[in-house]
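# Breakdown of the fold
Read off the chains here:
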Amino acid sequence: MAIPGNFLSPTTEMVDPNISGWTTKSNCLPAKGAGGRNGDGCLLVRSLAAGEAQVRTVSSYTIIPGVTYQAFADASGATVPERIGIRWLTAAGAEISITWSLVTMAAAAAWHRISVAGTAPVGAAKAQVVLSMMTPAAAGVVSYFENVYLGLPIRTTGNLFGFGTESTELDAAGWTPEVNAAISRQVPVVSWAVDWYYAGGHTLAVTASAAGNAAVRSVDRPAVTPGAEYLCYAYLQPPTMASACWIELRFFDSNGNQIQVTRAQLAAPGTGFYRQLLSAVAPAGAATCGFAAGIDGAAAGQVLRLETVVVRSLTPLVTGTVLPYSSSSFEQGIGGWTVTAGAATLARTTPWGAAAYAGNYSLAATTSTATTSTIRSPLAPVTEGVNWRARIIVRQGAGSWTSVRVRTHWYDSGGGDLGTSTGLAYALPAGSWYQLTSDAVAPAGAAQAAVEVVAAAGASASILWVDAVALWQVLPLSSVTAVPADGYIQLTLRELPDGYLYSVYRITPDGLRALVRGPSGLIDQQPVTSDAMILEDHEAPLGVQVYYRIELYSSPGVIASTRSTDPVLLTLADINTSWIKDPGNPQRNCLVLVQTAPDWERPIEQAVHVVRGRRNKVVLSGRRQGLEGDLAIWTRSDAEREALHLLLDSGNVLLWQAAPGMGVADMYIAVANVSEDRVTRLAQEQWRAWTLPLTEQDMPVTTGINGAAGRTWQDVVAEFATCADLLPVYATSEDLLLDRRTG
């Protein structure tokens with residue numbers, strides 16, 4: 001599979017179907033091997049003599065001096081360890097230097113990640129990837145490489161930290177010792193998933209200087225918003241399974257004073273890498289945040305390794321839930337849940353990964369007797385008079401449970417008890433996770449609520465695992481809104497099931513239906529990416545009432561459910577205007593003033609033959625082609641003129657939508673040579689008269705809608721210190737939106 005953003009060709013990346021992307025740099029003979037991860041092929045490197053053996057890419061790739069680049073690969077070598085480098089070249093191909101990774105700490109036959117990042121030096125114009133097997137003792141030593149990447153650093157979208165703190169591929173400058181610790185970088189042998197590109201290679205090694213507690217913290221303190229909930233995580237590798245390793249999310253005021261700290265302890269099942277999550281709400285007065293990690297009671301010389309450190313705004317388990325993540329996913333404890341009746345006791349499951357639906361832990365309710373217990377979440381804010389849905393996802397951990405009831409307990413603003421909803425009771429079979437929900441309208445005066453679980457154990461020593469708890473106001477499953485100013489219809493879908501596929505159709509009054517376009521093309525059995533999704537239909541017809549049908553599939557071709565929206569009408573305020581749209585780039589859509597509608601032609605290919613002795617010619621015809629004609633329009637300002645140029649520059653298939661009554665249906669078009677004329681001799685006149693030669697086209701079916709793909713301004717701030725730093729990287733604001741960098 002192609003790695004997103006890779007400068008290397010698929011053949012060079014995957015070493016399939018051949019090794020044409022690679023050549024010897026020193027002391028080796030490259031060949032094609034089998035048993036790769038990213039396709040079957042891999043690069044087999046055999047040493048010709050004792051000493052370091054190196055291969056490099058045949059091609060060199062254009063880079064920009066001063067810009068940071070990353071390279072990584074998967075390696076396998078049972079005899080000697082490896083390293084990877086970025087070789088910087090001048091425009092003439094002369095080597096300037098090589099930025100090398102550290103050497104892998106041990107040789108290993110299992111596939112493992114090697115990685116490096118570096119800033120292109122002054123004078124560099126091109127770069128190559130160099131793969132090295134370190135100092136084999138003789139000829140004939142073999143190592144394997146594949147899944148190779150060279151490009152811009154791959155970082156977690158939304159991370160408040162920049163690449164230099166999230167990873168240690170560049171250096172360890174983003175970190176500082178806090179107590180009894182020394183910091184270094186190491187490259188342990190770790191087998192990451194072949195398509196997991198955010199981790200691997202260098203790790204941050206925290207070494208206890210002496211016996212006792214040891215800790216490090218991030219140097220960077222990114223800005224936060226008071227009242228916002230944040231999720232942070234890091235991959236931790238403890239020195240022993242019993243080591244007390246932890247991470248902390250810290251908040252600071254504008255003077256740099258720490259005002260809140262939240263810790264999550266790793267319950268390690270072994271000594272591998274484990275992702276520990278933690279969440280917290282930024283308190284009042286919070287201005288920045290920081291991250292810390294450490295070991296309590298470490299022995300001198302023990303090493304804790306960190307990889308992929310992320311702090312980002314929380315994406316809730318269910319859109320609109322009022323319960324904090326810590327009370328929903330139990331990553332750092334029991335989240336404030338209490339036992340209000342019965343013999344049950346509560347604890348976070350252990351160890352890491354033993355029982356979880358969301359994250360790596362769940363809430364374990366354990367009862368020693370076959371009795372009924374009631375457990376309750378912390379209070380969360382609600383609004384009276386509206387419908388609320390409580391949800392839990394549960395599984396039998398041990399014993400049996402004859403009944404599990406989910407209900408909501410209501411309170412006023414002062415904590416006064418307003419009673420509970422009736423809720424719904426479910427039988428709980430063994431063997432799987434089950435989603436249990438109940439709906440209830442908040443009574444008059446309700447300002448707070450808690451989720452309650454009433455569980456009846458059918459045997460002694462029974463354990464109930466609870467995870468992914470949510471309480472949210474139930475809104476319509478689907479809704480539509482016309483946005484005439486921008487020429488589109490907004491479709492909102494809620495409560496979409498995770499793991500399902502979905503299709504979205506636009507249906508007109510005549511019963512015709514058309515697939516709606518999304519980021520990956522027409523939405524036809526595409527994966528659901530979130531429980532709540534907002535779609536913009538920029539190809540909805542003007543002046544025609546439409547509605548939308550949504551089909552949900554449990555597996556390809558198997559419809560599980562359908563839903564439909566209310567009718568909606570998209571209008572055009574001025575019948576003298578028309579929309580010209582780019583289906584894949586709706587940010588370029590233009591509203592233009594029509595001067596003259598086209599006079600259409602429909603060409604046809606014909607061959608005319610004169611037959612001797614016949615009065616009439618014989619005409620052989622092909623199929624008559626689509627409409628062709630010239631559309632005359634005006635632009636009324638320099639801004640409209642520049643916008644139209646941007647729309648036409650790409651040469652993409654466009655959509656022309658005229659006002660109803662013009663006698664022209666919505667039409668996909670290709671635009672040939674364009675003329676732009678002044679309407680007067682006055683140089684300051686901004687109006688322009690345009691002639692657009694149109695040729696009717698079929699609707700593009702594979703074109704997806706470009707978008708920010710989850711990027712926000714925080715991602716920009718994390719990478720760039722000033723606006724001036726953006727200028728050499730992005731040619732236009734659209735390039736910034738789409739993260740389309742120069743070079």
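Every chain is numbered independently, its residues counted from 1 as its sequence is written. Residues qualify for local features only when their pLDDT is at least 70, as the model is predicted, and side-chain atom pairs are given and counted only at 80 or more; totals for whole chains, interfaces and linings, by contrast, use all residues. With hydrogens and water excluded, all non-hydrogen atoms of the structure serve as input to the side-chain values.

### With respect to the overall build of the protein
Secondary structure assignment for the protein yields 5 helices and 53 strands. Seen through its C-alpha atoms, the protein measures out along the principal axes to roughly 105 × 80 × 60 Å. Looking at the protein as a whole, 47% of its 743 residues are labelled buried. Here the contacts in the protein between residues at least 6 apart in sequence split such that 73% fall between residues at least 24 apart. Entry remark: accessible area of the protein is about 31400 Å², with carbon and sulfur atoms responsible for 53%. The centroid of the 48 positive side-chain charges in the protein is displaced by 5 Å from the centroid of its 60 negative side-chain charges. Helical segments are the DSSP runs of H or I of at least four residues, strand segments are the runs of E of at least two, and each set is numbered from the N terminus. Only protein chains enter the area calculation, which uses a 1.4 Å probe; residues under 20% of their type maximum are buried, those over 50% are exposed, and those in between are partly exposed. Contacts are assigned to residue pairs with any non-hydrogen atoms lying within 4.5 Å of each other. Surface accessibility in these figures is a Shrake-Rupley result with a 1.4 Å probe; residues are shielded only by whichever protein chains are displayed. A residue counts as positive if it is Lys or Arg and as negative if it is Asp or Glu; His and the chain ends are not included. Lysine's charge is taken at NZ, arginine's at CZ, aspartate's at CG and glutamate's at CD.

### A short note on the packing of aromatic side chains
Between the rings of Phe, Tyr and Trp (Trp by its six-membered ring), a pair exists once the centres lie within 6.5 Å; its type follows the angle of the planes, with under 30 degrees stacked, over 60 edge-to-face, and the other angles tilted. Applying the stated criterion to the full structure yields 17 aromatic pairs. With centroids separated by 5.2 Å and ring planes inclined at 90 degrees, the aromatic side chains of Trp-192 and Tyr-235 adopt a geometry described as edge-to-face. Here Tyr-235 lies in strand E16 (residues 229–237) and Trp-192 lies in the loop between strand E13 (181–186) and strand E14 (203–208), a separation of 43 residues in the sequence. With a relative accessible area of 10%, Trp-192 lands in the buried category. Residue classification places Tyr-235 among the buried residues on the basis of a relative accessible area of 12%. Measuring from centroid to centroid gives 6.0 Å for Phe-330 and Trp-337, while their planes differ by 65 degrees, and the two rings are edge-to-face. For the pair Phe-330 and Trp-337, a shared accessibility class is recorded, and that class is buried. An aromatic cluster is defined as three or more aromatic residues linked by ring pairs; in this entry it consists of Trp-192, Trp-196, Tyr-198, Tyr-235 and Phe-273.

### What about the sheet that holds strand E33 (residues 462–473)?
When DSSP finds two or more bridges between two strands, those strands count as paired. Overall, antiparallel pairing links the 5 strands, which are arranged E23-E24-E33-E27-E31 in an open sheet. Edge positions in the sheet fall to strand E23 (345–348) and strand E31 (434–441), since each of these pairs with one other strand and no more. Going from strand to strand, the sheet's axes swing by 30 degrees on average, the running direction of each strand aside. Pairing between strand E27 (residues 387–398) and E33: 9 bridges, direction antiparallel. By the bridge assignment for E33, Arg-391 is matched with Ala-470. Note on geometry: axes are C-alpha line fits, over the in-contact stretch for helices, and angles between N-to-C directions span 0 to 180 degrees.

### Remarks on the side chain of Arg-563
Along the polypeptide, Arg-563 turns up in strand E43 (residues 558–564). When a carboxyl oxygen of Asp or Glu lies within 4 Å of a side-chain nitrogen of Lys or Arg, that pair is called a salt bridge. Buried and unpaired, Arg-563 has Glu-495 as its nearest opposite-charge partner, separated by 6.4 Å. The definition of a polar contact used here is a pair of N or O atoms within 3.5 Å, where within protein one atom must be able to donate a hydrogen and the other to accept one, and adjacent residues in sequence count solely through side-chain atom pairs. Within polar-contact distance, the side chain of Arg-563 engages the backbone oxygen of Arg-494 at 2.7 Å. Residue contacts for Arg-563: discarding those within four places in its chain leaves Leu-477, Ser-478, Arg-494, Glu-495, Leu-496, Tyr-548, Arg-549, Ile-550 and Leu-552.

### Focus on unusual backbone geometry
Geometrically, the link from Asp-16 to Pro-17 is a cis peptide bond, its omega value of 5 degrees lying close to zero. Relative to the elements of secondary structure, Pro-17 occurs in the loop between helix H1 (10–14) and strand E1 (22–26). Residue Pro-351 follows Thr-350 across a cis peptide bond; omega there is 0 degrees. The backbone phi angle of Asn-27 is positive, close to 55 degrees, even though this residue is not glycine. As for its placement among the helices and strands, Asn-27 is situated in the loop between E1 and strand E2 (28–33). Of note, the phi angle at Asn-147 is positive, near 55 degrees, even though the residue is not glycine. Here Asn-147 shows up in strand E11 (residues 142–151). Looking at Asn-147, the relative accessible area reads 0%, which means it is buried.

### Looking at the nonpolar core
Judged by nonpolar contacts, the single largest core of 38 residues is most densely connected at Val-224, Ile-247, Leu-249, Phe-251, Phe-291, Leu-306 and Val-311. For this core, the elements supplying multiple residues, two or more each, are E14, strand E15 (212–218), E16, strand E17 (244–252), strand E19 (274–281), strand E20 (288–298) and strand E21 (303–313). Take this core: its biggest share by element is 5 residues, from E20. Setting aside chain neighbours within four positions, we find Leu-306 in contact with Trp-175, Thr-203, Leu-204, Val-206, Tyr-235, Leu-236, Phe-273, Phe-291 and Ala-293. If you look at the next biggest cluster of nonpolar residues, it comprises 31 residues, including Ala-440, Leu-464, Val-466 and Leu-471. Take the buried residues of types Ala, Val, Leu, Ile, Met, Phe, Trp, Tyr and Cys, join any two whose side-chain atoms come within 4.5 Å, and each joined set is a nonpolar core.

### A few points about helix H3 (residues 638–649)
If you check H3, its first and last C-alpha atoms are 16 Å apart, about what 12 residues at 1.5 Å a residue would give, namely 16 Å. For H3, the set of buried residues is Arg-641, Leu-644, Leu-647 and Leu-648. Taken end-on, H3 shows its buried residues confined to a sector of 125 degrees, consistent with a single buried face. Turned more than 90 degrees from where H3 packs its buried face, Ala-639, Glu-642 and Asp-649 sit exposed. Within two residues after H3, Gly-651 carries a phi angle of roughly 75 degrees, on the positive side. By definition here, a helix of n residues has an expected span of 1.5 Å times n minus one. This arc corresponds to the set of directions leading from the helix axis out to the C-beta atoms.

### With respect to the sheet that holds strand E35 (residues 488–493)
Each strand in a sheet pairs with its neighbour through backbone hydrogen bonds, running either in the same direction (parallel) or in the opposite one (antiparallel). In spatial order, the strands read E34-E35-E41; together these 3 strands make up an open sheet with antiparallel pairing. Edge positions in the sheet fall to strand E34 (478–483) and strand E41 (533–537), since each of these pairs with one other strand and no more. In this sheet, adjacent strand axes meet at a mean angle of 20 degrees when their direction is disregarded. Both E35 and E41 contribute to a ladder of 5 bridges, which runs antiparallel. What sits directly across from Ile-489, in E41, is Asp-537.

### Focus on the environment of Gly-359
Checked against the element boundaries, Gly-359 lands in the loop between E23 and strand E24 (363–367). Judged by its relative accessible area of 37%, Gly-359 falls in the partly exposed class. When the C-alpha positions of Gly-359 and Ala-468 are compared, they lie 8.8 Å apart, and in sequence the two are 109 residues distant. If we skip the residues at most four places from it in the chain, Gly-359 touches Leu-277, Ser-329 and Glu-331.

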